[in-house]
Amino acid sequence: MDAKEYNFKVGEIVNLPRKSVKVNKSGMKSYEHLINSRYICVRECEDMKRGMLVKVLGKTNRDSIIISGGEPFFKDDKAEGFMNDTYYSYRFPSAIELKEILEIIRNDKSLIEKFEEASMHINPNSTYWVRDTTRRLLVLKAPQHYDAKSDGLFASEDDNSLHYRISVAYFYKSQISW
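Residues numbered from 1 in each chain as written. Predicted model: local features only at pLDDT ≥ 70, side-chain atom pairs only at ≥ 80, totals over all residues. Heavy atoms only, no water.

## A closer look at unusual backbone geometry
Comment: phi is negative for the bulk of residues other than glycine, and the bulk of peptide bonds are trans. To keep it simple, the criterion reads: Numbering of helices and strands runs from the N terminus; a helix is a DSSP stretch of H or I covering at least four residues, while a strand is a stretch of E covering at least two. Here the term buried applies to any residue with accessible area under 20% of the maximum for its type, exposed to any over 50%, and partly exposed to those in between, with areas from a 1.4 Å probe on protein chains only.
Its identity is not glycine, yet Ser37 carries a phi of approximately 70°, on the positive side. Its location among the elements puts Ser37 in strand E2 (residues 29–43). Residue classification places Ser37 among the partly exposed residues on the basis of a relative accessible area of 30%.

Laid out in structure tokens, this is it:
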């Protein structure tokens, strides 16, 4: 059986099959990162560089985010089971990944149009939730957001502001990862 070869083009709307990977299990709850549904290709796979797919999930505030497995986690989906419930979240990008994505989008204005066509509004000069966390009270972690205008990371402990959520998936030959 031949593995599927992924060769998406910049601006292409991609429908990915549902895949998940376990992040954490706590008692009767399990947490997993998820990829599925529609993404926009922002970088093609070239030589040894993985291709990049982006999904814009809208804006949300701090109240909806928990920390699971040491990372911010948003309960995007839930599967109820007899023995436990499983919560799914699209993984947040790191600040480094996000900066790269925003740079790509700023340099290719046609991508903003592609996101609009796919009903995924994005503003490359806004604020975004990132996977990076900060410590509070020595041991507890708090989510952070990245401000593209000031190029800075900010803790979001009691902040009620709305920030974009995006998710990134990578492709290379027959592999999809996140």
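## Looking at the side chain of Ser30
Definition in use: Under this definition, polar contacts are N or O atom pairs within 3.5 Å; protein pairs additionally need one hydrogen-donor-capable and one acceptor-capable atom, and for neighbouring residues in sequence, both atoms have to be side-chain atoms.
Looking at the secondary structure, you find Ser30 in strand E2. Among the polar contacts made by the side chain of Ser30, one reaches the side chain of Lys22 at a distance of 3.1 Å.

## Concerning the pairing of strand E5 (residues 71–74)
Here is the rule we go by: Between any two strands, at least two bridges found by DSSP are needed for them to pair.
In the sheet, strand E4 (residues 65–68) pairs with E5 via four bridges, with the strands oriented antiparallel. Within E5, the residue paired with Ile67 across the bridge is Pro72. Where E4 hands over to E5, the hairpin turn is made up of two residues, of which Gly69 adopts a positive phi near 65°.

## Let's talk about the packing of aromatic side chains
A ring pair, where both rings are aromatic, is described by two values, the distance of the centres and the angle of the planes. Going by this rule: When the centres of two rings from Phe, Tyr and Trp lie within 6.5 Å, Trp using its six-membered ring, the rings pair. Their planes under 30 degrees apart give stacked, over 60 give edge-to-face, and anything left gives tilted.
Counted under the stated rule, the structure contains five aromatic pairs. With 5.6 Å between their ring centres and 35° between their planes, Tyr6 and Phe8 make a pair best called tilted. This pair shows no difference in class: Tyr6 is buried, exactly as Phe8 is. Taking the centre distance of 5.2 Å and the plane angle of 85° together, the rings of Tyr31 and Phe73 count as edge-to-face. Residue Tyr31 is found in strand E2, and its partner Phe73 is found in strand E5; the two are separated by 42 residues along the sequence. Phe73 gets classed as buried once you look at its relative accessible area, which sits at 0%.

## Description of the pairing of strand E3 (residues 51–60)
Within E3, seven of the 10 residues are buried, which leaves it mostly tucked inside the rest of the structure. Both E2 and E3 contribute to a ladder of three bridges, which runs antiparallel. Paired with Ile40 across the strands is Val54, a residue of E3. Two strands pair when backbone bridges link them, and E3 and strand E11 (residues 163–172) are joined in this way by eight bridges, in the antiparallel orientation.

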